[in-house]
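# Analysis of the macromolecular model
Read off the chains here:
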Amino acid sequence: MKKVVKFGGSSLADAEQFKKVGDIIRADESRVYVVPSAPGRRFKGDSKVTDMLYSLYDIAAEGGDFSGILGDIRGRYDAIIEGLGIGGFTLDEEFDIIDRKMSTEPEKDYIASRGEYLNGRIMAAYLGFEFIDAAEVIFFDENGSFDPERTNKIFRQRLSDIPRAVIPGFYGSDMDGKVKTFSRGGSDITGSIVARACHADVYENWTDVSGFMVADPSIVPNPKAIDTLTYRELRELSYMGATVLHDEAIFPVRHAGIPINIRNTNAPEEKGTWIVESTAQKPKYVITGIAGKKGFCAVLTNKALMNAEIGYCRRVLQAFEENGISIEHMPSGIDTTTVVVHESEFLDKEQRVIAAIHRLANPDIIEIDSDLALIAVVGRGMRSMRGTAGRIFAALAHASVNVRMIDQGSSELNIIIGVENKDFEAAVRAIYAIFVETQL
C-alpha cells in the first residue's frame, strides 16, 4: 500500500496543527509522500500566509518597503519551528533569498509559492523525509498550461529511488524555469499529480471538514455527509461551488483509477468521503449532493424556424467567443436558444455581444434575464428513480420558489435549475428537505 497525503492550510496553520499532521503520517507507514499547503488562518480574523505574500508582492512591485510584512511572515514560520522543537533548523537563508529577489525583480508567482515551499521545508525536517522542490518536477508548457505528460515522466523517475518525500503544493515551473502557480487551492492538484506519478493506491486529502456534505453547511444546518461519490459527480458539484476539493484535482488520478479520500485532520478517526471512478455501492439518498452559485444572466434569442437554420447556434456562440465570455449552459427550444453566462463577465460587454449576435445570427428578438442563481442537483441514483424532477419542482413550489430555467442532460447525472438570487438559499433547503430529511 502506498498513499499520498495532502494537508490544507488549516491543517498546518501552527505548531499544534503540525503535530496532529505528524501523528497522522506516523500512524500509517503507507503514507509516504506528503504535500503541504501554506499556513492558513489560526483563528477568526487571522490572515492566511498566501494572502500576506500577495500583499508583500503588491508593495514590492510598487518599490515600497516590504520589510514589515516579510517580518510578520517570518514570525509565523519561526513560531511553528519553535513549537515543533526542530533543533538546529532555520529558514534564515531562505528568507534572505526572498528578500533579495523581491528587492530586485519581484515576481508574483514566485512569492505566492513561497508559502508552500517554506512549509514543505519545515515538514521535511520535522518528519525526516527528503524534500523535493515542486519547481523541479512539475512543469507548465509555452501556453502556461500544466504539462501532464512531461511532468509525469520526470516526476516518476525522481520518485523511483526516494521512498519518502515532502513535495510542496501549488506550483511548478514554466518553460523558462521560472516558478508558476496553479490557481488558488492548487495544492489539491499537486497531490493528485504526485499520486499519479508514484502509482499510489490512495490519495488522501486532509482538510478541516470530514468530507463532502450533501449541501452547503452555511445554508443547510448540519447536512448529512456523502460517503462515496464518483469523479463525475465531484466535477459537477465542485464546478457549481462545492469547495472542499479543487475541481481540477481529479484529472491526474482519474485516468489512473486512483481513489481520493477526503479526511479531517481534527477528526482522523472519521472515514470521510471516498471519490472513485465508479462504484456498485448504492447512494444513501436519491441525490448525491446539491451545489450552486449566484450571479448569472441568461441571453435569450428567438428566431422563427431556428431549428431549420444550419449553424444558427454556432453563430450565436461566436458572439460570446469574440468578446471573451465563457458559456455556462445553453438550454433551447424550437425557435429559441438561451445562453447562460456569469453576470460579472457579461455586463460590461452586453451591448457589444447583442450587436454581434444581430450581425452574425440575425435573430428576431433578443432578451436578457439577469439576477439568476443556478443550482445543480447531482446524483448517480437519479437515473434509476422515476419522478426525481417532479419532486424537485414540487418542493420548490411548496417553498414558493419560482423556477426560471431548467437544463438537464441525457446522462441524468444532474439537473440544473435557475432561480432568482433571492430564492437561492430557500431553494437549496427545499431540495435538501425533500430528498434527505423526508426521503420521499
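Heads up: the structure comes first, above all this text.
Attention in this report is confined to the structure presented alongside it.

Conventions we followed
Residues numbered from 1 in each chain as written. Predicted model: local features only at pLDDT ≥ 70, side-chain atom pairs only at ≥ 80, totals over all residues. Heavy atoms only, no water. Helix = DSSP H or I, 4+ residues; strand = E, 2+ residues; numbered from the N terminus. Rg over C-alpha atoms; globule rule 2.2 N^0.38 Å. Contact = heavy atoms within 4.5 Å. Areas by Shrake-Rupley, 256 points an atom, 1.4 Å probe, with all protein chains shown as cover. Pairing = 2+ DSSP bridges. Axes fitted to C-alpha atoms, helices over the stretch in contact; angles between N-to-C directions. 1 Å grid on protein atoms, 1.4 Å probe; cavity = no way out; pocket = protein on both sides within 12 Å on 5 of 7 lines; lining within 4 Å. Points joined across faces, edges and corners; volume = space filled by probe spheres on them. Nonpolar A, V, L, I, M, F, W, Y, C, P; charged D, E, K, R; others polar. Phe/Tyr/Trp six-rings, centres within 6.5 Å; stacked < 30°, edge-to-face > 60°. Buried < 20%, exposed > 50% of the residue type's maximum accessible area, 1.4 Å probe, protein only.

### Re the overall build of the chain
Scanning the chain for helices and strands turns up 14 helices and 15 strands. Relative to the compact-globule value of 22 Å for 440 residues, the chain shows a C-alpha radius of gyration of 24 Å, a close match. Overall size of the chain, expressed as C-alpha extent along the three principal axes, is 75 × 50 × 40 Å. Within the chain, counting contacts between residues at least 6 apart in sequence, those at least 24 apart form 74% of the total. For the chain, the computed accessible surface area is about 19,600 Å², with 47% contributed by carbon and sulfur atoms.

### A closer look at the sheet that holds strand β2 (residues 31-36)
Judged by pairing direction, the sheet is mixed, and its 8 strands sit side by side in the order β3-β4-β2-β1-β7-β9-β10-β8 without closing on themselves. Pairing within the sheet leaves two strands with one partner each, and these edge strands are β3 (130-131) and β8 (228-230). When strand β9 (residues 260-264) meets strand β10 (residues 273-276), the two strands line up antiparallel, connected through 3 bridges. Note that in β10 the partner of Ile262 across the bridge is Thr273. Lying on the sheet, helix α8 (residues 231-239) is in contact with β8 and β10; it crosses β8 at an angle near 85°.

### Focus on the environment of Ile287
Looking at the secondary structure, you find Ile287 in the loop between β10 and β11 (289-302). Through-space distance from the C-alpha of Ile287 to that of Val436 is 8.4 Å; in sequence the pair is 149 residues apart. Apart from the residues within four sequence positions on either side, Ile287 is in contact with Val214, Val377, Val378, Gly379, Met382, Ile431 and Phe435.

### Quick look at the layout of surface pockets
One number sums up the size of the largest pocket: a volume of about 1,200 Å³. Taken together, 45 residues form the lining of the largest pocket, with Lys48, Thr207, Thr243, Val244 and Leu245 sitting closest to its centre. Elements represented by at least two residues in the lining of the largest pocket include exactly α2 (49-61), α7 (187-197), β7 (202-207), α8, β11 and α14 (424-437). Take the lining of the largest pocket: its biggest share by element is 3 residues, from β11. A breakdown of the residues in the lining of the largest pocket according to their chemical character gives 19 nonpolar, 17 polar and 9 charged.

### What about the packing of aromatic side chains?
Taken as a whole and assessed by the stated rule, the structure comprises 7 aromatic pairs. Centroid distance Tyr117 to Phe131: 5.5 Å. Interplanar angle 90°. Geometry classified as edge-to-face. Of this pair, Tyr117 sits in helix α5 (residues 108-127) while Phe131 is found in strand β3, placing the two residues 14 residues apart along the sequence. Just as Tyr117 is buried, Phe131 falls in that class too. Here the aromatic rings of Phe140 and Phe182 are separated by 5.0 Å at their centres, their planes lie at 55°, and the arrangement is tilted. Residue Phe140 is found in the loop between β3 and α6 (148-159), and its partner Phe182 is found in the loop between β6 (179-181) and α7; the two are separated by 42 residues along the sequence.

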